[in-house]
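# Observations on the three-dimensional arrangement
One-letter residues, chain by chain:
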Amino acid sequence: MGADRAILLQTPLRPDQELQPLAVAKLLKWAVEKESPTMVLVGKQAIDDDCNQTGQMLAGLLGWPQGTFASGVEVSGDKTVLTVTREVDEGLQTVKMPLPAVVTCDLRLNVPRYATLPNLMKAKKKPLEVVDASSLGIDLAGRLKVLEVSEPPKREGGRKVESVEELIEKLRFEAKVLA
């Protein structure tokens, strides 16, 4: 991705169950305050819990504006205003906000480059700062508790109907969804 260096925030918490969105947002807030970026790009949602909360929580903790589900991002020439384009049900929506800002990225924002072998070798030489999250004094305690996980009930097989009239009859008398 072209990074010159990286910070790894290590924690013994399992990211798929114990490390919750608020804790991640607090850790990212620490990194943002340390590095002072103009813009923070985060994913739209995690693939493990599908929460879609970390970016919004980070913006709230920082007191920064946020552009969510970004499929396009433009920074003004004077680097003070961010324009975010996002897909909504009605089409495209464009919002403007002052920088610094947090942006949650949709998959359409970018097509990642695949690293070549020489670049992978160069990346191994880049500095990686490892920080023990427990040394930061940040409360990472979970606030959410999974009470139950269960499979949805099995669905009945579908039925073919021969005509629109038969479909309406079945919807009205069998499914009782039409009056």
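Here the residue numbering is sequential within each chain, running from 1 through the sequence in written order. At least 70 in pLDDT is required for a residue's local features to be given in this predicted model, at least 80 for side-chain atom pairs to be given and counted, and no such filter applies to totals for whole chains, interfaces and linings, which use all residues. Computation of side-chain values covers all heavy atoms of the structure but excludes hydrogens and water.

To continue, consider the packing of helix 1 (residues 21-35) against helix 2 (residues 54-62). Helix-helix packing is described using two parameters, namely the angle between the two axes and the distance between the axes. In this description, a line fitted to the C-alpha atoms serves as the axis of each element, helices being fitted only across the stretch in contact, and the angle between N-to-C directions of two axes falls anywhere from 0 to 180 degrees. Runs of H or I in DSSP of at least four residues are treated as helices and runs of E of at least two as strands, each being numbered from the N terminus. As a packed pair, helix 1 and helix 2 sit with axes 8 Å apart at the nearest point and diverge in direction by 50 degrees. In terms of orientation, helix 1 and helix 2 fall into the oblique class. At the point where helix 1 passes helix 2, the crossing takes the right-handed sense. Between helix 1 and helix 2, the contacting residues are P21, L22, V24, A25, K26, L28, K29, V32 and E33 on the first element and T54, M57, L58, L61 and L62 on the second. Under the grouping applied here, Gly and all other residues not named as nonpolar or charged are polar, the nonpolar ones being Ala, Val, Leu, Ile, Met, Phe, Trp, Tyr, Cys and Pro and the charged ones Asp, Glu, Lys and Arg. When its residues are assigned to classes, the contact of helix 1 with helix 2 shows 10 nonpolar, 1 polar and 3 charged. The cut-offs work like this: below 35 degrees is roughly parallel, past 145 is roughly antiparallel, 65 to 115 is roughly perpendicular, and the gaps in between are oblique. In this scheme, a crossing is called left-handed if the near helix is turned counterclockwise away from the far one by less than a right angle; it is called right-handed if the turn is clockwise. Only heavy atoms enter the contact rule, under which two residues are in contact if any of them lie within 4.5 Å.

Let us now look at helix 1. With 15 residues, helix 1 extends 21 Å from end C-alpha to end C-alpha; this agrees with the ideal 21 Å at 1.5 Å per step. Regarding helix 1, the residues found buried are P21, A23, A25, K26, L27, A31 and V32. Those residues of helix 1 that are buried lie in contact with strand 1 (6-10), strand 2 (39-43) and helix 2. A positive phi of about 55 degrees marks S36, the residue just after helix 1. Any helix carries an expected span of 1.5 Å times its number of residues minus one. Using a 1.4 Å probe on the protein chains alone, a residue whose accessible area is under 20% of its type maximum counts as buried, one over 50% counts as exposed, and one in between counts as partly exposed.

What follows covers the nonpolar core. Nine residue types can take part in a nonpolar core, namely buried Ala, Val, Leu, Ile, Met, Phe, Trp, Tyr and Cys, and a core is a set of them joined through side-chain atoms within 4.5 Å. In this structure, A25, V32, V40, V42, L58, A59, L62, W64 and V102 together form the largest nonpolar core, which totals 9 residues. Sorting the residues of this core by element identifies helix 1, strand 2 and helix 2 as the ones contributing at least two each. Element by element, the count of residues in this core is highest for helix 2, at 3 residues.

Overall, mixed pairing links the 5 strands, which are arranged 2-6-3-4-5 in an open sheet. Every other strand in the sheet has two partners, leaving strand 2 and strand 5 (91-98) as the edge strands with one partner each. With strand direction ignored, the average angle separating the axes of adjacent strands in the sheet is 45 degrees. Strands in contact with helix 2 are strand 2, strand 3 (66-75) and strand 6 (101-105); relative to strand 6, the strand with the most contacts, it is inclined by about 180 degrees. Pairs of strands are assigned from DSSP output, requiring at least two bridges between the strands.

A few words now on the side chain of Q20. Tracing the backbone shows Q20 in the loop between strand 1 and helix 1. Polar contacts here mean pairs of N or O atoms no more than 3.5 Å apart (in protein, one a potential hydrogen donor and the other a potential acceptor; neighbouring residues in sequence count only if both atoms are side-chain atoms). Of note is the side chain of Q20, whose polar atom sits 2.8 Å from the backbone oxygen of L144. If near-sequence neighbours (up to four positions away) are discounted, Q20 is found in contact with G142, R143 and L144.

Basic side-chain nitrogens of Lys or Arg form a salt bridge, by our definition, when they fall within 4 Å of a carboxyl oxygen of Asp or Glu. Summed over all chains, the structure comprises 11 salt bridges. Linking E35 and R5 is a salt bridge whose minimum nitrogen-to-oxygen distance equals 2.4 Å. In this pair, E35 is assigned in helix 1 and R5 in the segment before strand 1, connecting sequence segments 30 residues apart. Residue classification places E35 among the partly exposed positions, given a relative accessible area of 29%. E174 serves as the salt-bridge partner of K170, at 3.2 Å between the closest nitrogen and oxygen. Here K170 pairs with E174, and both are found in helix 4 (residues 164-174), just 4 residues apart, close to one helical turn. Residue K170 is classed as partly exposed on the basis of its relative accessible area, which comes to 23%. By relative accessible area, which is 47% here, E174 ends up partly exposed.

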